[in-house]
Amino acid sequence: MPEIQSPSANKKSPNTRPSNPRRPLPEQLLLLLDLARWIPISALVGLLAGSASALLLVSLAYATSLRESHIWLILLLAPAGGCVGLLYHRFGASVEAGNNLILEQVHDPTAVIPLRMTPFILLGTFLTHLFGGSAGREGTAIQTGASLADQLSIPLRLHRHDRRILLMAGISAGFASVFGTPLAGAIFGIEVLALGKLSYDALVPCLLAAFFGDLVTRAWHVHHTLYRVAPADIPPMSLLGVFYSMLAGAAFGLTALAFARLTHAIARAARRRIVYAPLRPVVGGLLVTIAVFSIGPAYTLKYLGLGIPTILAAFTTHLPPWDFAAKSLFTAVTLGFGFKGGEVTPLFYIGSTLGNALAHILPLPASLLAAMGFVAVFAGAANTPIASTLMAVELFGAEAGAYAAIACVLSYLFSGHAGIYHAQRVGRTKHRSNAAEEGLSLAVVAKRRDQPPTPVDVTNEAALAINHPESRESPRSGNA
């Protein structure tokens, strides 16, 4: 008996392949073509960022040497700040946001970052250090790396997604070249954007740009400071060692939180009370100058500039336990009132001296605690625990890096939804109780927390919890 076929048997299924399909290129070949495209771009980004970082490091070394030889230059900090403030007010308003502008452009690419950001931030940072401001250099390196890299987006005709990756590669190259830590720089470029999220699509360009940038800086015969932890000061890992590292990490995270909030509070107060922007660094410069000469240069000069000699001393000798607090205050005033520079090297100072002070309490070697604090306070303030751990491994070795990793993770958790970069976003909340803050920038998070909820908000949240009890169970409920 002949087989009876249904009418639909002769119809082709939507998923049926055509008789002569057009075979796509193998996945590996597509990846190889994409890699071949990004290698020269990343190399060019590394060349630009590495050269800018070399210029920055040489200029800051000269500024520091000149200031230490002529202490009277600190008296000119206020007028120098006024000149930089006026320069940005007249010609650099579009780039004054600095690192936050770059992060915003990575999140939502719109216009190309003006090229003037590079000379403005280089000059502003040089003057800050020459006349005695307490600031770092990472912010400058990130801004030069990203702004120079972004200039390539026009001739290369990069679309929105690729321009985003290009900016991230510029961040990585700038960070890696200024600190000599290419692995940490590569991850920093993709980790700094959002808490708890990594953009792996940019991993290869960021990695290549970071290594190229570091190689270019070294090719200019610019050397980085070496920090050492003696192998004898690294005890074998134990349960007590883990416990003490966790305690230290919590202290580092709370310190990072305090520093970020203090800096932002000073900046808000300065904007609120001093309407004319160029006057803010004048007032900040006067405060720093008065503090230096009223307390005495013999006690306060170590809190100015980068403070690298004190960082090195934290690994070898016991320091006054208040050094980390004094550096925090000097840096918060300098940056909060509008001077240019970065926060990371001061955070290294704060963390290493705090770790040195904790050696009086915790039974771990002072040099190991200094190394842990060096990276952990930065991890909490920048919300970058992975990059900070890799930095510890690159600078101090794998054995010390294991202790530092514990401290970095705990610091990241205890710093909460706060940080030095207001344009950072909450990708994944650090605790499910703050799930409603996911997707928001840290600036919006801080603003919402400063404003108590209205009765309407409380009523709406209560009604949501009653009508939709699953919203209280899911850590992803209430996403912005």
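A few points on the structure. (Residues numbered from 1 in each chain as written. Predicted model: local features only at pLDDT ≥ 70, side-chain atom pairs only at ≥ 80, totals over all residues. Heavy atoms only, no water.)

**Notes on the packing of helix H14 (residues 344-358) against helix H15 (residues 366-382)**
Part 1 of the reasoning: Interaxial distance between H14 and H15 falls to 6 Å at its minimum, and their mutual angle equals 140 degrees. As judged from the angle between their axes, H14 and H15 are oblique. Crossing of H14 against H15: the hand is right-handed. Across from Val344, Leu347, Phe348, Ile350, Gly351, Ser352, Gly355, Asn356 and Leu358 in H14, the residues of H15 making contact are Ala366, Leu369, Ala370, Gly373, Phe374, Val377, Phe378 and Ala381.
Part 2 of the reasoning: Here the residues of the contact of H14 with H15 are counted per class, giving 12 nonpolar, five polar and no charged. (Axes fitted to C-alpha atoms, helices over the stretch in contact; angles between N-to-C directions. Helix = DSSP H or I, 4+ residues; strand = E, 2+ residues; numbered from the N terminus. Parallel < 35°, antiparallel > 145°, perpendicular 65-115°, else oblique. Left-handed = near helix turned anticlockwise from the far one by under 90°. Contact = heavy atoms within 4.5 Å. Nonpolar A, V, L, I, M, F, W, Y, C, P; charged D, E, K, R; others polar.)

**Details of unusual backbone geometry**
Part 1 of the reasoning: Positive phi values are uncommon outside glycine, yet Arg157 reaches one of about 55 degrees.
Part 2 of the reasoning: One can find Arg157 in the loop between helix H5 (138-150) and helix H6 (160-179).
Part 3 of the reasoning: Arg157 sits in the exposed class, given a relative accessible area of 76%.
Part 4 of the reasoning: Notably, Asn383 is not glycine yet its phi reads approximately 60 degrees, a positive angle. (Buried < 20%, exposed > 50% of the residue type's maximum accessible area, 1.4 Å probe, protein only.)

**With respect to the pattern of salt bridges**
Part 1 of the reasoning: If you walk through the whole model with that rule in mind, you get eight salt bridges.
Part 2 of the reasoning: Between Arg37 and Asp34 there is a salt bridge, with the nearest N and O atoms lying 3.1 Å from each other. Residue Arg37 and its partner Asp34 are located together in helix H1 (residues 27-69), separated by three residues, close to a single helical turn.
Part 3 of the reasoning: Given a relative accessible area of 33%, Arg37 falls into the partly exposed group.
Part 4 of the reasoning: Overall, Asp34 belongs to the partly exposed group, its relative accessible area being 35%.
Part 5 of the reasoning: A salt bridge links Arg163 to Asp150, with the nearest nitrogen and oxygen atoms 2.8 Å apart. You can see Arg163 sitting in helix H6 and its partner Asp150 sitting in helix H5, a full 13 residues away along the chain. Across the pair, exposure class does not vary: Arg163 and Asp150 are buried alike.
Part 6 of the reasoning: Connected through salt bridges with shared partners, the residues Asp34, Arg37 and Asp162 form a single ionic network. (Salt bridge = Lys/Arg side-chain N within 4 Å of Asp/Glu carboxyl O.)

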